[in-house]
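Fold and geometry: a report
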Amino acid sequence: MEAKHIKKAFLKCGIKPGDSLFIHGDAGAVAQIKVKSRNKINYFFKYLKEYVGREGNIIIPTFTYSACKEKKFDINKNISETGLFSEIFRNQKYTKRTNHPIFSCAIYGKKYKYFDQAKITTCFGSDSIFERFLKLNGTIVCIGCSLDRITFTHYAEEIFKVNYRYHKNFKIYLTKKKKYIDIDYYVRKLTQNSRIDLSKLNKYLITKKRIKEINFGRYKLITVKSKDFFKSCLELLSKNKKKLVKKNNQNL
């Protein structure tokens with residue numbers, strides 16, 4: 001994939017300068033770009049930063065699920081557990097990481113404080129980073145991965161109060177703030193088959209013309225506005241509470 005095709009792909013998927021983007025990405029999708037730079041992922045992030053401009057915002061998950069077991073989170077030392085794509089973005093000099101010990105994000109853009117001030121005593125609930133992103137009607141982006149990677153789904157599930165998840169409390173020590181905080185995490189019921197499966201949601205979004213998908217070299221580039229995604233989740237759940245999980249969950 002030639003570098004000159006990146007802009008065309010963005011425009012076809014409705015990504016514009018000044019947009020707020022919540023990106024789930026695969027390093028392989030970026031590594032295919034034909035440029036002289038040794039680190040193609042760094043090149044892509046530099047291009048993306050310049051493309052969205054000073055008015056835009058880039059949000060990439062740098063989640064640390066291990067904090068639930070270790071009961072501690074160091075914003076500077078804990079690496080992202082969501083892959084190389086996110087870890088390289090976290091280490092860019094122009095990004096800042098939010099303080100959530102489980103669902104932190106690396107962010108570029110003027111709205112960093114807006115997102116960082118989201119409530120960290122909840123993972124997906126009221127005034128979480130996901131709700132704040134919804135209020136902006138930002139664009140959810142998948143580069144080289146499926147919709148199943150979209151964590152925003154769990155915000156919709158919590159708002160709808162699906163019965164295959166439940167509230168669980170975690171007490172985690174924040175090394176930066178030097179204190180423990182209690183965090184409400186809407187977790188899966190392990191006694192049920194509750195793994196996410198957004199294939200039905202994907203078809204629904206296509207039917208409603210609320211999603212865009214194009215080829216990005218050998219991979220796919222997918223975009224959907226957060227309000228369209230949220231609305232579609234609730235519409236499907238109101239018809240069938242099993243629509244966002246694997247179809248063998250007959251007991252839900």
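Our subject is the structure that appears above.
In this numbering scheme, every chain counts its residues from 1 along its sequence in written order. It should be noted that, the model being predicted, local features are given only for residues of pLDDT at least 70 and side-chain atom pairs only at 80 or more, the latter also being counted only at that level, while totals for whole chains, interfaces and linings use all residues. Side-chain measures here rest on the full set of heavy atoms in the structure, leaving out hydrogens and waters.

The next point concerns the overall build of the protein chain. To qualify as a helix, a DSSP run of H or I must reach at least 4 residues; to qualify as a strand, a run of E must reach at least 2; elements of each kind are numbered from the N terminus. Tallying secondary structure elements over the protein chain gives 10 helices and 10 strands in all. Our radius of gyration looks at C-alpha atoms and nothing else; its globule reference is 2.2 Å times the residue count to the power 0.38. Over its C-alpha atoms the protein chain spans a radius of gyration of 18 Å, differing by no more than 12% from the 18 Å that the globule rule assigns to 252 residues. When the backbone C-alpha atoms are referred to their principal axes, the protein chain occupies close to 50 × 50 × 30 Å. Looking at the protein chain residue by residue over its 252 residues, the buried ones come to 54%. In what follows, a contact means two residues having at least one pair of non-hydrogen atoms within 4.5 Å. Of the contacts formed within the protein chain by residues at least 6 apart in sequence, a portion of 66% connects residues at least 24 apart. Using a 1.4 Å probe, accessible areas were evaluated by the Shrake-Rupley method; residue-level cover was limited to the displayed protein chains. Per element, the accessible surface of the protein chain, about 12500 Å² overall, is 49% carbon and sulfur. For this count, His and the chain ends are skipped, Lys and Arg are scored as positive, and Asp and Glu as negative. The location of each charge is read from NZ of Lys, CZ of Arg, CG of Asp or CD of Glu. Taking the average location of the 55 positive side-chain charges in the protein chain and that of its 21 negative ones, the two points are 3 Å from each other. Burial here depends on accessible area, computed with a 1.4 Å probe over protein chains only, as a share of the maximum for the residue type. Under 20% is buried, over 50% is exposed, and the range in between is partly exposed.

This part is about the pairing of strand β9 (residues 211-216). Pairing between two strands is assigned when DSSP locates at least 2 bridges connecting them. Pairing geometry for β9 and strand β10 (residues 219-225), over six bridges, is antiparallel. When the bridges of β10 are listed, F216 appears paired with Y219. Here β9 folds back onto β10, and the loop between the two strands holds two residues, one of which, G217, carries a positive phi near 65°.

The biggest cluster of nonpolar side chains holds 54 residues, and the ones touching the most others in it are F152, Y185 and F229. Look past the residues within four positions of F229 in its chain and what remains in contact with it is I140, I150, F152, T153, L198, L201, L205 and V224. The nonpolar core is taken to be a set of buried Ala, Val, Leu, Ile, Met, Phe, Trp, Tyr and Cys residues, with the residues joined through side-chain atoms within 4.5 Å. Listed in part, the 32 residues of the second largest apolar core include M1, F10, I23 and I214.

What follows covers the pattern of salt bridges. Only one rule defines a salt bridge in this text: a Lys or Arg side-chain nitrogen within 4 Å of an Asp or Glu carboxyl oxygen. In this structure the tally under the stated criterion is seven salt bridges. A salt bridge links K171 to D182, with the nearest nitrogen and oxygen atoms 3.0 Å apart. Remark: D182 occurs in strand β8 (residues 179-188) and K171 occurs in strand β7 (residues 165-174); sequence separation between them is 11 residues.

With that out of the way, let us pick up helix α1 (residues 4-12). Inspection of α1 places I6, A9 and F10 among the buried residues, and these make up the whole buried set. Down the axis, α1 shows its buried residues gathered within 100° of arc, on one side only. Among the exposed residues of α1, those pointing more than 90 degrees away from its buried face are K4, K8 and K12. Packing partners of the buried residues in α1 comprise α3 (40-52), β9 and β10. Positive phi shows up at G14, right after α1, with a value of about 80°. This arc describes the spread of directions from the helix axis toward the C-beta atoms.

Quick look at the sheet that holds β7 now. An order of β3-β7-β8 is seen for the three strands of this open sheet, with the pairing classed as mixed. Each of the sheet's edge strands pairs with one partner strand only, and the pair in question is β3 (72-73) and β8. Two elements, β7 and β8, share 10 bridges in a ladder whose sense is antiparallel. Note that in β8 the partner of Y166 across the bridge is V187.

Moving on, we get to the packing of aromatic side chains. In this analysis, rings of Phe, Tyr and Trp, with Trp reduced to its six-membered ring, are considered paired at centre separations within 6.5 Å, and the interplanar angle assigns stacked below 30 degrees, edge-to-face beyond 60, and tilted for intermediate values. Under the defined criterion, the tally for this structure stands at 27 aromatic pairs. Measuring from centroid to centroid gives 6.4 Å for F115 and F133, while their planes differ by 40°, and the two rings are tilted. Highlighted residues: F115 in helix α6 (residues 112-116) and F133 in helix α7 (residues 129-136), separated in sequence by 18 residues. In terms of burial, F115 and F133 fall into one category: buried. Here the aromatic rings of F130 and F152 are separated by 6.5 Å at their centres, their planes lie at 70°, and the arrangement is edge-to-face. With a gap of 22 residues between them, F130 in helix α7 and F152 in helix α8 (residues 152-160) connect regions that are remote in the sequence. Sitting over a ring, as applied to charges here, requires NZ of Lys or CZ of Arg to be within 6 Å of the ring centre and within 35 degrees of the ring normal. Here K49 stacks its cationic end above the ring of Y94, 5.1 Å away from the centre of that ring. In this arrangement the basic side chain of K111 is found over the ring face of Y114, its NZ or CZ atom lying 5.7 Å from the centre.

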